[in-house]
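Listed here are the chains, written in short residue letters.
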Amino acid sequence: MTSRRSRRRHPYRSLAWGVAGGYLIAASVYVAAMSLWFAAGHGHWSAGEAMLPRINDVVVFTFFAVCGGSVGSFLNVVVWRMPQGLGVNGHSYCPRCHHRLRARDNVPVFGWLWLRGRCRDCRLPISSRYPIVEAAVAITFALVGTLELYGWNLPYRPYPFYGALAMPVVSPESIVVVGYHLVGLAIAWAMGLIRYDGHSMPARLVAFASVWLIGGMMLIPSLAVVPWQLTMPEDWIDAMWVHSSVGWSERGREHFRDASVFVDVLVRIATALVAAGFFARVLARSFCPRADLKSDPLGSQTRRMLDLVVMISVVAVIIGWQSVSGVLLLASLLAVIVRRWFGPERTDVMGRFALMMPIALATQILFWRPLMETRWWPSAPSLESASSRGVLLGFAIATLLIPLWLRENLWLRENPQDRVERPEPDESGQEIESEPAATRPDQVD
């Protein structure tokens, strides 16, 4: 009887043990099932020989998941502090009682569950958004990091050895590409969450995104992944994707010393930014119809449009201008689908759209190679034929139609000046009590 009452009083802790145990069971089932399957399909491999590589799969996936959860915890702090002009360094504390959070309370997802969703000191509730963000970032990091390290999702790379002994491709090139994309996804998550909260994009975050995404691509041209042209240059793969088991080859170094490669990267970045500006102006019909850079450059509607340009620019720089329309269409459809799970106070369709952008971007990166090979998804290498150019044009036209189904309710569209943005914190650093996020503690690793 006592045990049952304890479980009823502490359902969150039971859930924490259930999540940990479920993950261990799922990992064990994966290793056993895949080992037996490989052994049955290849008579010269035994289940024991195939088991070690599959254990390695679990270790790699878990590593990226833990990194993603930690990054998600940090992003919760970025989203909370940066719009207020506060620094993101320093220890975690509860914004109500100002007590410093213990290290064990900062464990992503599990810390919130173990605390039963309340601050250890003042016992005020902690928003469930914290573990949700940490879990979402952990999942995207684990999927993208694992697939890229195994070389399964990016185009122009040679397929790794498939079979019982498939192993991750650990080289300077692969590590740089994985890191570039994971940080880019973290930036997209931060921007989406900030815009979802109704805040304008912090200048520091925009500056960091510019240095990382644009500067990184200028420093390492192979991060461009796809060319900016509609046709594939004959020397693109040799110049940008020369890969060997020990890293860059001598031929690759010679190509990177060629100034024309950096010119191509500059044009690649420029076309991505131009595409972001174009698509942002199209979507402004739904999100900020009164935006005007000339007559009202400091207005709230204009700031919303500039934030939209920044968010789309992150996507365009990472994947190239050709696939931006596909990502925007996917994000808009997801924003419509998830509308029923958002309360009536979350009527800002741009916030939902911004929140779906990192999910759509992660989907594009995860399925980059197979989407390219289908020839029905807008992408650079499949545009050598007239039909593929038609695919690109068709997606661009479909993007023009997004405002027809992605729009806010009639009252807000007729009275955009009455839109309620998220209130600023008071002098003590706390938001007004009517704001749902008022009881969030400031967590960071």
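Residues numbered from 1 in each chain as written. Predicted model: local features only at pLDDT ≥ 70, side-chain atom pairs only at ≥ 80, totals over all residues. Heavy atoms only, no water.

1. A look at the overall build of the protein
Right, so step 1: Secondary structure assignment for the protein yields 17 helices and zero strands.
Right, so step 2: Counting the 445 residues in the protein, one finds 49% classified as buried.
Right, so step 3: Sequence-distant contacts, at least 24 apart, represent 71% of the contacts inside the protein between residues at least 6 apart. (Helix = DSSP H or I, 4+ residues; strand = E, 2+ residues; numbered from the N terminus. Buried < 20%, exposed > 50% of the residue type's maximum accessible area, 1.4 Å probe, protein only. Contact = heavy atoms within 4.5 Å.)

2. Observations regarding helix 11 (residues 300-319)
Right, so step 1: Taking 1.5 Å per residue as the helical rise, helix 11 with its 20 residues ought to reach 28 Å, and the 29 Å between its terminal C-alpha atoms agrees with that figure.
Right, so step 2: Of all 20 residues in helix 11, 16 are buried; the element is thus mostly enclosed.
Right, so step 3: Of the residues flanking the end of helix 11, it is Gly320, one or two places downstream, whose phi is positive at about 95°. (Expected span 1.5 Å × (residues − 1).)

3. Re the side chain of Asp57
Right, so step 1: Structurally, the position occupied by Asp57 is in helix 3 (residues 47-81).
Right, so step 2: Look at Asp57 and you get buried, because its relative accessible area is 9%.
Right, so step 3: One polar contact links Asp57 to Tyr30, side chain to side chain, over a distance of 2.8 Å.
Right, so step 4: Setting aside anything within four residues of it in sequence, one finds Asp57 in contact with Tyr30, Tyr150 and Ala166. (Polar contact = N/O pair within 3.5 Å; in protein donor to acceptor, adjacent residues only side chain to side chain.)

4. Observations concerning the packing of helix 12 (residues 324-337) against helix 13 (residues 349-366)
Right, so step 1: Here helix 12 crosses helix 13 at 130°, and the two axes come no closer than 8 Å. Compared by their axis directions, helix 12 and helix 13 come out oblique. Of the two possible hands of crossing, helix 12 and helix 13 adopt the one that is right-handed. Residue-level contacts link Val327, Leu328, Leu330, Ala331, Ser332, Leu334 and Ala335 of helix 12 to Arg352, Phe353, Met356, Met357, Ile359, Ala360, Leu361, Thr363 and Gln364 of helix 13.
Right, so step 2: Looking at the contact of helix 12 with helix 13 residue by residue, the classes come out as 12 nonpolar, three polar and one charged. (Axes fitted to C-alpha atoms, helices over the stretch in contact; angles between N-to-C directions. Parallel < 35°, antiparallel > 145°, perpendicular 65-115°, else oblique. Left-handed = near helix turned anticlockwise from the far one by under 90°. Nonpolar A, V, L, I, M, F, W, Y, C, P; charged D, E, K, R; others polar.)

5. Considerations on the packing of aromatic side chains
Right, so step 1: A complete count under the given rule lists eight aromatic pairs for this structure.
Right, so step 2: Ring centres of Phe63 and Phe64 lie 5.4 Å apart, and the angle between their planes is 70°; this geometry places the pair in the edge-to-face category.
Right, so step 3: Aromatic side chains Phe278 and Phe279 sit 5.2 Å apart centroid to centroid with 70° between the ring planes, which places their arrangement in the edge-to-face category.
Right, so step 4: Overall, the relative accessible area of 44% leaves Phe278 in the partly exposed class.
Right, so step 5: Counting every residue linked through ring pairs, the aromatic cluster contains Trp376, Trp377 and Phe395. (Phe/Tyr/Trp six-rings, centres within 6.5 Å; stacked < 30°, edge-to-face > 60°.)

6. Regarding the pattern of salt bridges
Right, so step 1: Using the criterion set out here, one finds three salt bridges in the structure.
Right, so step 2: A salt bridge links Asp57 to Arg54, with the nearest nitrogen and oxygen atoms 2.5 Å apart. Placement of both Asp57 and Arg54 in helix 3 is noted, with a separation of three residues, approximately one turn of the helix.
Right, so step 3: As a salt-bridge pair, Arg129 and Asp197 come within 2.5 Å of each other at their nearest N and O atoms. Placement of the pair is Arg129 in helix 5 (residues 129-149) and Asp197 in the loop between helix 6 (172-196) and helix 7 (203-219), with a sequence separation of 68 residues. Both residues of the pair, Arg129 and Asp197, belong to the buried class. (Salt bridge = Lys/Arg side-chain N within 4 Å of Asp/Glu carboxyl O.)

7. Concerning the nonpolar core
Right, so step 1: Counting residues in each nonpolar core, the largest one holds 90 residues, and the members touching the most others are Met191, Phe287, Leu308, Ile312, Leu328 and Phe353.
Right, so step 2: If one sorts the elements of this core by residue count, helix 6 sits on top with 14 residues.
Right, so step 3: Aside from chain neighbours lying at most four places away, what touches Met191 is Met201, Leu205, Val206, Ala209, Val310, Met311 and Val314.
Right, so step 4: With seven residues, the next largest nonpolar core counts Ala16, Trp112, Leu113 and Leu115 among its residues. (Core = buried A, V, L, I, M, F, W, Y, C linked by side-chain atoms within 4.5 Å.)

8. What to know about the confidence of the model for the protein
Right, so step 1: Overall, the prediction assigns the protein a mean pLDDT of 79, with 77% of residues at 70 or greater.
Right, so step 2: Within the model, pLDDT remains below 50 along residues 1-7, and this stretch shows one contact once partners closer than five positions in the same chain are excluded.
Right, so step 3: This stretch, residues 242-250, has a pLDDT under 50; its non-local contacts, to residues over four places away or in other chains, come to 14 contacts. (pLDDT = per-residue confidence, 0-100.)

9. Describing the environment of Ser127
Right, so step 1: Along the chain, Ser127 turns up in the loop between helix 4 (110-114) and helix 5.
Right, so step 2: Taking the relative accessible area as the measure of exposure, Ser127 reaches 18% and is therefore buried.
Right, so step 3: The sequence separation of Ser127 and Gly117 amounts to 10 residues, and the corresponding C-alpha distance is 7.1 Å.

10. Notes on a nonpolar patch on the surface
Right, so step 1: Taken together, the side chains of Phe278, Leu333, Val336, Ile337, Trp341, Leu393, Ile397, Leu400, Leu401, Leu404 and Trp405 define a hydrophobic patch exposed on the protein surface, amounting to about 1,100 Å² of accessible area.
Right, so step 2: Counting through the fold element by element, Leu333 comes out in helix 12.
Right, so step 3: Given the relative accessible area of 45%, Leu333 is considered partly exposed. (Patch = residues over 30% accessible without salt bridge, like charges linked within 9 Å, V, L, I, M, F, W, Y side chains within 5 Å. Areas by Shrake-Rupley, 256 points an atom, 1.4 Å probe, with all protein chains shown as cover.)

11. Quick word on unusual backbone geometry
Right, so step 1: Despite not being glycine, Val225 shows a phi value in the positive range, around 65°.
Right, so step 2: Checked against the element boundaries, Val225 lands in the loop between helix 7 and helix 8 (236-240).
Right, so step 3: Val225 sits in the buried class, given a relative accessible area of 1%.
Right, so step 4: Residue Arg375 is not a glycine yet carries a positive backbone phi of 70°.
Right, so step 5: With respect to the secondary-structure elements, Arg375 resides in the loop between helix 14 (368-374) and helix 15 (386-400).
Right, so step 6: A residue is classified by how much of its surface remains accessible, and Arg375, at 47% relative accessible area, is partly exposed.

12. A few points about the packing of helix 7 against helix 11
If you want to describe how two helices pack, look at the angle between their axes and the distance between the axes.
Right, so step 1: Between helix 7 and helix 11, the shortest axis-to-axis distance is 11 Å and the interhelical angle comes to 15°. By the angle between their directions, the pair helix 7 and helix 11 is classed as roughly parallel. As helix 7 runs across helix 11, the sense of the crossing is left-handed. For the pair formed by helix 7 and helix 11, the contact residues are Val206, Leu213 and Met217 on the first element and Val310, Val314, Val317 and Ile318 on the second.
Right, so step 2: Of the residues that constitute the contact of helix 7 with helix 11, the class distribution is seven nonpolar, no polar and no charged.

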